[in-house]
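Structural overview for review
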Amino acid sequence: SQKIEQNSEALNIQEGKTATLTCNYTNYSPAYLQWYRQDPGRGPVFLLLIRENEKEKRKERLKVTFDTTLKQSLFHITASQPADSATYLCAMTYSGYALNFGKGTSLLVTP
Amino acid sequence: NAGVTQTPKFRVLKTGQSMTLLCAQDMNHEYMYWYRQDPGMGLRLIHYSVGEGTTAKGEVPDGYNVSRLKKQNFLLGLESAAPSQTSVYFCASLAGTANTGELFFGEGSRLTVL
């Protein structure tokens, strides 16, 4: 069966450091992976998409890597700020029509 | 742009009552979705639609019905609400294809079933 796993433990880091979140998946092929941000009481907001033939994608302070051998994506926020505190969700396409989501990882950036 | 609008934002029901959640999008998207989000469970797909007049079941469809009579609207109905349906419901529409498109979410509808 298809699975998406994210670290359920919250990640606490100090402002200015790089935050790294992990998304592992099984049985998605072809693989298209997306990252979303969700703030408390709000709907998720799209951040980045990475395709299986792409190793890395960047957007401002965000970097996503994709290793189809390990079946893993890493999501990095460099020079993290308290405003980056949120829950980050990874999602993958299934059936060609919809996306499955991981349970999300909560990030807390402290000053 | 309003984007994706959900109504109502909050609702309290008694077991056995019925209700409809309305989702409206103004981006002319073909694909629309209803998810529910529960603590520790993440977002789970209830039903989705790939175009006006079409609907399909997602991961957790039992106890829910949907309709897509107009392209811009996607309705989620609960015929006989149960406490297990207490949740936050999110509607989303898709820009592009499911493989490479971007989901736009509403702000959520918080439902409590007593």
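That block above? That's the structure.
Notes on the structure in this doc start here. Fair warning: this is a prediction, and the values are worked out from it, not measured in the lab.

Scanning chain B from terminus to terminus reveals zero helices and eleven strands. Seen in sequence order, chain B has helices and strands lined up from the N terminus as β-β-β-β-β-β-β-β-β-β-β. Against the globule reference of 13 Å for 114 residues, chain B gives a C-alpha radius of gyration of 13 Å, in line with a compact fold. Along the longest, intermediate and shortest principal axes, the C-alpha atoms of chain B span 40 × 30 × 25 Å. Pairs at least 24 residues apart make up 52% of the contacts formed inside chain B by residues separated by at least 6 positions.

Glancing now at the sheet that holds strand S7 (residues 65-67) of chain B. Residue and element names in this part refer to chain B. The strand order across the open sheet formed by four strands is S1-S3-S8-S7, and the pairing between neighbours is antiparallel. Each edge of the open sheet carries a strand with a single partner, namely strand S1 (4-7) and S7. Each adjacent strand pair in this sheet contributes to an overall mean axis angle of 20 degrees, direction not counted. The sheet contact formed by S7 and strand S8 (residues 73-78) spans three bridges and is antiparallel. What sits directly across from Val66, in S8, is Leu76.

Moving on to the nonpolar core. Core analysis: the biggest nonpolar cluster contains 47 residues, and Phe101 of chain A together with Tyr33 and Leu103 of chain B have the highest contact counts within it. Residue contributions to this core peak at seven residues, all from strand S9 (residues 86-94) of chain A. Setting aside residues no more than four positions away along its own chain, Tyr33 of chain B makes contact with Tyr97 and Ala98 of chain A together with Leu45, His47, Tyr48, Phe74, Phe90, Cys91, Ala92, Leu94 and Leu103 of chain B. With 19 residues, the next largest nonpolar core counts Cys23, Trp34, Val66 and Phe74 of chain B among its residues.

Conventions adopted
Residues numbered from 1 in each chain as written. Chains lettered and ligands numbered in written order. Predicted model: local features only at pLDDT ≥ 70, side-chain atom pairs only at ≥ 80, totals over all residues. Heavy atoms only, no water. Helix = DSSP H or I, 4+ residues; strand = E, 2+ residues; numbered from the N terminus. Rg over C-alpha atoms; globule rule 2.2 N^0.38 Å. Contact = heavy atoms within 4.5 Å. Pairing = 2+ DSSP bridges. Axes fitted to C-alpha atoms, helices over the stretch in contact; angles between N-to-C directions. Core = buried A, V, L, I, M, F, W, Y, C linked by side-chain atoms within 4.5 Å. Buried < 20%, exposed > 50% of the residue type's maximum accessible area, 1.4 Å probe, protein only.

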